[in-house]
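Structure assessment
These are the residues of each chain, in order.
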Amino acid sequence: MFKATVNKSFTKKIDLSDLKELELNHISNSKLQLRYQSKNYELEIVESNFNAKTYQIKINGNNYNVNLADELAIKIGKMGFEKNNSKKLNSIIAPMPGLILNINVKEGQKVKNGDVLLVLEAMKMENSITAPKDGIIKLISAKKGTTVEKGQHLIELS
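My aim in this report is to walk through the structure given alongside it, one point at a time. The numbers attached to residues start from 1 for each chain and follow its sequence in the written order. Two thresholds apply to this predicted model, a pLDDT of at least 70 for residue-level local features and 80 or more for giving and counting side-chain atom pairs, whereas whole-chain, interface and lining totals are computed over all residues. Heavy atoms throughout the structure, all of them, feed into the side-chain values; hydrogens and water do not.

With respect to the overall build of the protein chain
To keep it simple, the criterion reads: Secondary structure counts use DSSP, requiring at least four H or I residues in a row for a helix and at least two E residues in a row for a strand, with both numbered from the N terminus. Throughout, exposure labels follow a simple rule: accessible area from a 1.4 Å probe, protein chains only, divided by the maximum for the residue type, with under 20% read as buried, over 50% as exposed, and the rest as partly exposed. We call two residues in contact when some of their heavy atoms are within 4.5 Å. Only the protein chains shown count as cover for residues, and the accessible areas themselves come from Shrake-Rupley with a 1.4 Å probe.
Across its full length, the protein chain holds one helix and 15 strands. Principal axes of the C-alpha set define a box for the protein chain whose edges measure 50 × 40 × 25 Å. Here the protein chain holds 158 residues, and 28% of them are scored as buried. Taking contacts inside the protein chain between residues at least 6 apart in sequence as the whole, the part at least 24 apart equals 46%. With the model as given, the accessible surface of the protein chain reaches about 10,400 Å², and the carbon-plus-sulfur share is 51%.

This is the structure:
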């Protein structure tokens, strides 16, 4: 079960069984052709932030900001807490296997919460990995152009 909030005004619960009718064809890294309930859509992922689960997408030329919440985030939200604020991390690890496309920071650099630290390509999508808090880049163990495994250490903040 997921909850999708679109443009901070419309919320829809999505059961994984709802996705069985969905047909996706990759056109490029960020463009998809989507068929759902006998209707065709052109979808482009303009921007993505995997950690925050926020996406800016364009469907048939219309822009949408989408925030996804999984079952755990929904339960935590019902208890009055936010998942992302429950723990401030110093270690940035790969959320999935992929290719490091770009590293946007240097050791010793000051960063703010939400700054894009690096871009990870996974499943033909570019994912911005952002700082979970304000801090200073202590160590960068990731290298541009290399592949990483899920859980691999990428950056250390102080």
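There's plenty left to go through after this.
Observations concerning the sheet that holds strand S15 (residues 153-157)
What counts here: Pairing between strands is defined by DSSP: at least two bridges between the two strands are required.
Strand order in the open sheet made by the four strands is S8-S15-S13-S10, with antiparallel pairing throughout. With one partner strand each, in any of the chains shown, strand S8 (91-93) and strand S10 (110-111) form the two edges of the open sheet. Of the pairings in the sheet, the one linking strand S13 (residues 135-140) to S15 comprises three bridges and is antiparallel in character. Bridging across to S15, Ile140 finds its partner in Ile155.

A word on a nonpolar patch on the surface
Note the following rule: Residues enter patches when their relative accessible area tops 30% and they take part in no salt bridge; the joining distance is 9 Å for like charges and 5 Å for the nonpolar side chains Val, Leu, Ile, Met, Phe, Trp and Tyr. One side-chain nitrogen of Lys or Arg within 4 Å of one carboxyl oxygen of Asp or Glu is enough to make a salt bridge.
Taken together, the side chains of Phe2, Leu16 and Leu19 present a nonpolar region at the surface, about 260 Å² in accessible area. Summarising the element assignment, Phe2 is placed in strand S1 (residues 2-6).

Quick notes on the pairing of strand S12 (residues 125-130)
Regular strands have side chains that alternate between both faces of the sheet. As judged from the six bridges shared by strand S11 (residues 116-122) and S12, these two strands associate in the antiparallel manner. The residue of S12 that forms the bridge with Val116 is Thr130. Turn length for the S11-S12 hairpin, with the two strands adjacent in sequence and antiparallel, is two residues, and the turn residue Met123 shows positive phi of about 55 degrees.

Quick notes on unusual backbone geometry
With a phi angle near 55 degrees, Lys8 is a residue other than glycine that sits in the positive phi range. Mapped onto the elements of the fold, Lys8 is located in the loop between S1 and strand S2 (10-14). One non-glycine residue, Gln37, lies in positive phi territory at about 50 degrees. Inspection of the secondary structure assignment puts Gln37 in the loop between strand S4 (31-36) and strand S5 (39-49). Residue class for Gln37 comes out partly exposed when judged on its relative accessible area of 49%.

Let's talk about the layout of surface pockets
To be explicit about the condition: Put plainly, a pocket is an open set of points on a 1 Å grid over the protein atoms alone with protein on both sides within 12 Å along at least five of seven lines, a cavity is a set where a 1.4 Å probe fits but cannot get out, and a lining residue has an atom within 4 Å of a point. Grid points are joined across faces, edges and corners, and a volume is the space filled by probe spheres set on the points.
Each pocket or cavity is described by its volume, and for the largest pocket that value is around 1,600 Å³. If you go around the largest pocket, you meet 34 residues; those closest to its centre are Ile14, Leu19, Leu22, Leu43 and Leu68. Elements with a contribution of two residues or more to the lining of the largest pocket: S1, S2, strand S3 (23-26), S4, S5, strand S6 (54-59), strand S7 (62-69) and S12.

Thoughts on the nonpolar core
Rule in force here: Buried residues of nine kinds, namely Ala, Val, Leu, Ile, Met, Phe, Trp, Tyr and Cys, make up a nonpolar core once their side-chain atoms join them within 4.5 Å.
Leu117, Leu118, Ile137, Leu154 and Ile155 are the most contacted members of the largest nonpolar core, which totals 19 residues. For this core, the secondary-structure elements that each account for two or more residues are S11, S13 and S15. No other element matches the four residues that S11 contributes to this core. If sequence neighbours within four positions are ignored, Ile155 has contacts with Asn90, Ser91, Ile92, Val105, Leu117, Leu118, Ile137, Leu139, Ile140 and Ser141.

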